[in-house]
Amino acid sequence: MTGKPSVAIIGAGLSGLRLAQRLTPFMQVTVFEKSRGLGGRMSTRRKDGFAFDHGAQYFTARSADFEAFLRPYLEDGTVQPWAPRLAQLSSAQAPPRWTAPRYVATPGMTGLAKAMAAELTVRRAVQVDRLVRSGDQWQVLDAEDTDLGRFDWVISTAPSPQTTRLMPLEFAGHPSLETAVMQGCYSLMLGFDTPQVLDWEAAWVGQDPLAWIAVNTSKPGRPDHYCIVAQTSNSWAQANLERDQDAIRTELMATVEIVTGVAASTAAYIGLHRWRYASVATPSATPFLIDPDNRLAAAGDWCGAGKVEAAFDSASALAEALEITLTG
Ligand SMILES: Cc1cc2nc3c(=O)[nH]c(=O)nc-3n(C[C@H](O)[C@H](O)[C@H](O)COP(=O)(O)OP(=O)(O)OC[C@H]3O[C@@H](n4cnc5c(N)ncnc54)[C@H](O)[C@@H]3O)c2cc1C
């Protein structure tokens, strides 16, 4: 190998972009992202003047490493604390208290990924289908057999079931990868022409199908148009993943009305998103996967607690291991 080794990173969520940032000093990095947008599950849907964070709602920064990483983004306002009025609905329990700050990206959850990607090479709307050996390298192909390039290393940060499908059989990480179990979630998005009267801005719901409701407009830097995001419990979503989506939408709208008093049917915009792989029920057996003989690796939130911070931790740990492998 002459010069810097090349690496294809699959996925422009937080793990893929963090890996790209960390590896750029000693590797030639290309990130492939199947969506047009960046950020993966840290996502924002914009429609008819409304903006919904329909994936991750907020994130914590419990580790010193993640705090240090966030500092410049906090300084320039890309990331800001969110301190909504909290409530607990459909349960006699008091809402959990937040003792540490919760953060959001601005002007939507994708904002952090956009800032991170500014200095990186990201090929968007390109879905990697498979990897084929080409001498000492991996040839990366899409489903139409388009040659996306040859790379010394390939790292997948796709959710674990997708990484399992992408990785060649010889990948030594398969046994650890296959212990990871992910669960779904539905997000109902409601955009209103006029603000709704509620005495909370974010609430846990103690009764299926819903688990969480937030007034998205209460987050810093959002457009004024009043938006609510309601999310189901993961267990309910998992049991209802294949049901008719119109029936799911109707059931979630009815539940929003029962638990909040908000007439969901009066919303000017009503959207539903099904996340097949939203959170992690059981993580992989290791905090990242690396196979130096085959020059393949994988990382993601499914290597940990299924949260934004877990995605960062997994990517950081893999970057360190790769640096040691490559630079000795
Ligand atoms: C509904 C919901 C609510 C959540 N709430 C919270 C929360 O409140 N707090 C919190 O901390 N976390 C929350 N999370 C979890 C959080 O969003 C994730 O832990 C984190 O964003 C995962 O980042 P990642 O980079 O590991 O994976 P992802 O964000 O999933 O990134 C993987 C990327 O790979 C891309 N990809 C997949 N396959 C291919 C392919 N073949 N070719 C090219 N690209 C591909 C995907 O499009 C995606 O962009 C929530 C998630 C969901 C869905």
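Residues numbered from 1 in each chain as written. Predicted model: local features only at pLDDT ≥ 70, side-chain atom pairs only at ≥ 80, totals over all residues. Heavy atoms only, no water.

1. Regarding the overall build of the protein chain
Here's step 1: Per the secondary structure count, the protein chain includes eight helices and 19 strands.
Here's step 2: Relative to the globule expectation of 20 Å for 328 residues, the C-alpha radius of gyration of the protein chain, 20 Å, shows essentially globular dimensions.
Here's step 3: Principal-axis analysis of the C-alpha atoms places the extent of the protein chain at approximately 65 × 45 × 35 Å.
Here's step 4: For the protein chain, with 328 residues in total, the buried portion stands at 54%.
Here's step 5: Taken as a whole, the protein chain presents about 14300 Å² of accessible surface, with 49% of it coming from carbon and sulfur. (Helix = DSSP H or I, 4+ residues; strand = E, 2+ residues; numbered from the N terminus. Rg over C-alpha atoms; globule rule 2.2 N^0.38 Å. Buried < 20%, exposed > 50% of the residue type's maximum accessible area, 1.4 Å probe, protein only. Areas by Shrake-Rupley, 256 points an atom, 1.4 Å probe, with all protein chains shown as cover.)

2. Examining the side chain of Thr157
Here's step 1: Within the fold, Thr157 resides in the loop between strand S12 (153-156) and helix H4 (160-166).
Here's step 2: Within the structure, Thr157 has its side chain in polar contact with the backbone oxygen of Ile10 (distance 2.6 Å). (Polar contact = N/O pair within 3.5 Å; in protein donor to acceptor, adjacent residues only side chain to side chain.)

3. Regarding the pattern of salt bridges
When the charged atoms of two side chains lie near each other, side chains of opposite charge can form a pair.
Here's step 1: With the rule as written, the count across this model stands at 12 salt bridges.
Here's step 2: Residue Arg150 is joined to Asp147 by a salt bridge in which the shortest nitrogen-to-oxygen separation is 2.7 Å.
Here's step 3: A salt bridge links Glu251 to Arg243, with the shortest nitrogen-to-oxygen separation between them at 2.9 Å.
Here's step 4: On the accessibility criterion, Glu251 (28% relative accessible area) is partly exposed. (Salt bridge = Lys/Arg side-chain N within 4 Å of Asp/Glu carboxyl O.)

4. Considerations on the sheet that holds strand S11 (residues 147-151)
Here's step 1: The sheet built from three strands is open, its strands ordered S9-S10-S11 with antiparallel pairing. Both edges of this open sheet fall to strand S9 (130-134) and S11, since each of them pairs with a single strand only. Across this sheet, the average inter-strand angle for adjacent strands is 25°, counted without regard to direction.
Here's step 2: In the sheet, S9 pairs with strand S10 (residues 137-141) via five bridges, with the strands oriented antiparallel. Its bridge partner lying in S10, Ser134 is registered against Gln137. (Pairing = 2+ DSSP bridges. Axes fitted to C-alpha atoms, helices over the stretch in contact; angles between N-to-C directions.)

5. Some words on the site of the ligand
Here's step 1: Taken together, 37 residues are adjacent to the ligand, and Ser15, Glu33, Arg41, Tyr58 and Asp301 come closest.
Here's step 2: The backbone of Gln57 places a nitrogen or oxygen atom 3.3 Å from an oxygen atom of the ligand.
Here's step 3: Val128 has a polar backbone atom sitting 2.9 Å from a nitrogen atom of the ligand.
Here's step 4: Counting only elements with at least two residues in the shell around the ligand, the list comes to helix H1 (14-23), H4, strand S17 (269-282) and helix H8 (308-327).
Here's step 5: Of the residues contributing to the shell around the ligand, the split by class is 17 nonpolar, 15 polar and five charged.
Here's step 6: In this structure, the shell around the ligand is formed jointly by two domains, domain 1 (1-34 + 126-180 + 283-328) and domain 2 (41-108 + 182-281), each of which donates at least three residues. (Near = heavy atom within 4 Å. Nonpolar A, V, L, I, M, F, W, Y, C, P; charged D, E, K, R; others polar. Domains from an automatic or database assignment.)

6. Considerations on helix H7 (residues 245-260)
Here's step 1: Its 16 residues place the ends of H7 22 Å apart at the C-alpha level, agreeing with the 22 Å of an ideal helix rising 1.5 Å per residue.
Here's step 2: Among the residues of H7, the N-terminal cap falls to Asp244, whose side-chain oxygen and the backbone nitrogen of Asp246 are separated by 3.3 Å.
Here's step 3: Looking at the residues trailing H7, positive phi occurs at Gly261, about 80°. (Expected span 1.5 Å × (residues − 1).)

7. Focus on the pairing of strand S1 (residues 6-10)
Here's step 1: The element S1 is extensively covered by neighbouring structure, given that five of its five residues are classed as buried.
Here's step 2: Inspection of the sheet shows S1 paired to strand S2 (residues 28-32) by five bridges, in the parallel sense. Bridged to Val7 within S2 is Val29.
Here's step 3: Between the parallel pair S1 and S2, the chain is carried across by H1, and the sense of this crossover is right-handed.
Here's step 4: In the sheet, S1 pairs with S12 via four bridges, with the strands oriented parallel. Bridge assignment links Val7 to a residue of S12, and that residue is Trp153. (Right-handed = clockwise from strand over helix to strand, strands pointing away.)

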